[in-house]
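# Examining the three-dimensional arrangement
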Amino acid sequence: MGSLGFDAPKHNVLVIGSGGVGTMAAYALEKGGRATVTAVLRSNFAVVQKRGFDIDSRDHGKISGWRPSHIRNTIPNTAEEAQLQPYDFVVVTTKNIADIPPSVATLIAPVVTPGRTVIALLQNGLNIEKPIVAAFPNNPVISGVPYIGASQSSLGNIKHVNHDKLIISPFSNPNIPASRCERAAEEFQRAYSCRGVTCIYEPNVDAARWKKLLYNSSYNTVATILRMDTSRMRVSEHIIDSLIRPAMQEIQAAAKAVAGLDISDETIEETIRIDTFEAFFRPSMLQDAEKGNLTEFENILGEPLRDAERHGVPTPTLRVIYSILKGLQWQTMESKGLITVPQVSSSTMKYGMRAANGVA
Ligand SMILES: CC(C)(CO)[C@@H](O)C(=O)[O-]
């Protein structure tokens, strides 16, 4: 295990992304005492450099002025910055926007030491490991499925409303022994574990990922379309009965057909009630949309939908939700200048035309 650096007193860990999930991950890793964390911050860098994070956490209480061991406003380059030690773990907590570059693989390339760095994807969705395993064939890639309800309410202010439960699993990588990926996942689970959080090792990555999709494919997506918190959806009843539960049941059928998993009806009902009424929780995809950001709808909904359709599972609810979200993503791309639509009507302006930059 020496080549993974697991014999060192503390792991050298890089956390990329410092919103709710990333900051709480950095906090748990430092609190656990087995990691020295460097966090890569973007929009909140100046604020956090000056006064640290203010965290209001269900598990850790109110913490003022907290910073991880090191913060940076750029992704390091371990080949060019001679003073940097190779990272044992690179933890990715950014949103995974599969349809728009730069990809996660491009983002992390400068910090992955071939054959050494363990890449931990603390992100939602399905098949997210595929491009990472392809780009870094000799590095273990591990899965983190967060249940945490953490968000950045304003720059440097983190609100964390659900108990932090993180499910860690090895992704399969045909190029390296399964036991190496398992040991990497177990070691990360140990490093993340600290008083207040529940970090669980789940050997079956499909079980962890499909179960979380119940929530993400339904609540995240419908909340984004309706701009509505999950408490109001439950009060309405019909949103649950005609959209949320049917979407979850389609994920349940897909999980069975695609991965052989049995998700019970009881699990669906528990997932419908996972947020407390008092939280008036706005799922992360809705928060992204409200900030005018692109959403990770392809990994959260597109991938399970395509897998389901390949296996002949009927998915009428998910298909409609997906099509609307694809339209919303198109609008966001236009507002960000990623798509240019001609403003003057012409003979070339027609159904299916490619927009000026070729994206349509
Ligand atoms: C816990 C959760 C599934 C529901 O609030 C969500 O907030 C999350 O992804 O942490």
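This structure is a prediction, so every number in the text was calculated from the model and none was measured.

Calculation criteria
- Residues numbered from 1 in each chain as written.
- Predicted model: local features only at pLDDT ≥ 70, side-chain atom pairs only at ≥ 80, totals over all residues.
- Heavy atoms only, no water.
- Pairing = 2+ DSSP bridges.
- Helix = DSSP H or I, 4+ residues; strand = E, 2+ residues; numbered from the N terminus.
- Axes fitted to C-alpha atoms, helices over the stretch in contact; angles between N-to-C directions.
- Contact = heavy atoms within 4.5 Å.
- UniProt positions renumbered as here; feature names shortened; annotations may be inferred.
- Buried < 20%, exposed > 50% of the residue type's maximum accessible area, 1.4 Å probe, protein only.
- Right-handed = clockwise from strand over helix to strand, strands pointing away.
- Core = buried A, V, L, I, M, F, W, Y, C linked by side-chain atoms within 4.5 Å.
- Parallel < 35°, antiparallel > 145°, perpendicular 65-115°, else oblique.
- Left-handed = near helix turned anticlockwise from the far one by under 90°.
- Nonpolar A, V, L, I, M, F, W, Y, C, P; charged D, E, K, R; others polar.
- Near = heavy atom within 4 Å.
- Polar contact = N/O pair within 3.5 Å; in protein donor to acceptor, adjacent residues only side chain to side chain.
- Areas by Shrake-Rupley, 256 points an atom, 1.4 Å probe, with all protein chains shown as cover.
- Domains from an automatic or database assignment.
- Phe/Tyr/Trp six-rings, centres within 6.5 Å; stacked < 30°, edge-to-face > 60°.

### What about the sheet that holds strand β6 (residues 89–92)?
Taken in spatial order, the eight strands make up an open sheet running β5-β2-β1-β6-β7-β8-β11-β12, and their pairing is mixed. Of all strands in the sheet, those bounded by a partner on one side alone are β5 (70–72) and β12 (198–201). Averaged over all pairs of adjacent strands, the angle between strand axes in this sheet comes to 20 degrees, irrespective of strand direction. Contacting β7 (118–121), β8 (141–147) and β11 (165–170), helix α6 (residues 205–226) runs over the sheet at an angle of about 35 degrees to β8.

### As for the UniProt feature "domain: Ketopantoate reductase N-terminal" (unreviewed entry) in the chain
Those places that UniProt annotates as "domain: Ketopantoate reductase N-terminal" (unreviewed entry) correspond, in this numbering, to residues 13–172. In this annotation, residues 13–172 is assigned 19% helix and 34% strand; the end-to-end C-alpha distance for the span is 22 Å.

### Points about the pairing of strand β1 (residues 11–16)
Along β1, six of the six residues are buried, which leaves the element largely enclosed by surrounding structure. Here β1 shows two buried faces, one formed by H11, V13 and V15 and the other by N12, L14 and I16. Where β1 meets strand β2 (residues 35–40), six bridges bridge the pair, whose relative direction is parallel. When the bridges of β2 are listed, V15 appears paired with A39. The parallel pair β1 and β2 is bridged by helix α1 (residues 20–32), and the resulting crossover is right-handed. In this structure, β1 lies alongside β6, joined through four bridges in parallel fashion. Note on β6: the bridge partner recorded for L14 is V90.

### Regarding the nonpolar core
Counting residues in hydrophobic clusters, the biggest one holds 37 residues, and the most contacted among them are L29, I142, F188 and Y192. Ranked by residue count, the leading element in this core is α1, at six residues. The contacts of Y192, once residues within four sequence positions are left out, are M24, A25, A28, L29, L122, D164, L166, V197 and C199. Counting residues in each nonpolar core, the second largest holds 35 residues, with A223, I239, F297 and A308 among its members.

### Overview of the packing of α6 against helix α11 (residues 297–310)
Two elements in contact, α6 and α11, have axes separated by 9 Å at closest approach and are oriented at 115 degrees. Viewed along their axes, α6 and α11 adopt a mutual orientation that is roughly perpendicular. Of the two elements, α6 crosses α11, and the hand of that crossing is left-handed. Contacts from W210, L213, N216, S217 and T221 of α6 reach α11 at I300, L301 and P304. Of the residues belonging to the contact of α6 with α11, the class tally is five nonpolar, three polar and no charged.

### Remarks on the site of the ligand
Looking at the ligand, the residues that line it are P146, Y147, I148, G149, N162, K212, Y215, D275 and F281. One of the backbone N or O atoms of I148 is found 2.7 Å from an oxygen atom in the ligand. Between the ligand and the protein, one listed contact pairs an oxygen atom with a side-chain N or O atom of K212 at 2.7 Å. Protein chains bury 92% of the 280 Å² of accessible surface belonging to the ligand in isolation. Of all the elements in the fold, those that place two or more residues in the shell around the ligand are β8 and α6. Mapped onto the domain boundaries, the shell around the ligand takes at least three residues apiece from domain 1 (2–203) and domain 2 (208–335).

### Some details on the sheet that holds strand β3 (residues 53–57)
Taken together, the four strands give an open sheet; going across it, the order is β4-β3-β10-β9, and neighbouring strands pair in mixed fashion. Each end of this open sheet is capped by a strand with a single partner; those strands are β4 (61–66) and β9 (150–154). Each neighbouring strand pair of the sheet contributes to a mean axis angle of 20 degrees, computed without reference to strand direction. Sheet topology places β3 next to strand β10 (residues 157–160); four bridges connect them, and they run parallel. Opposite D54, over in β10, you have N157 as the bridge partner.

### Details of the packing of aromatic side chains
As enumerated under the stated definition, the model contains six aromatic pairs in all. Between Y215 and Y219 the ring centres are 5.1 Å apart and the planes differ by 50 degrees, which places this aromatic pair in the tilted class. Here Y215 and its partner Y219 are both found in helix α6, four residues apart, which amounts to about one turn of the helix. According to the relative accessible area criterion, Y215 is buried, its value standing at 7%.

### Brief notes about the packing of α1 against helix α5 (residues 178–192)
The contact between α1 and α5 brings their axes to 7 Å, and the two run at 85 degrees. In this view, α1 runs roughly perpendicular relative to α5, as classed from their interaxial angle. Facing α1, whose interface residues are M24, A25, A28, L29 and G32, α5 presents F188, A191 and Y192.

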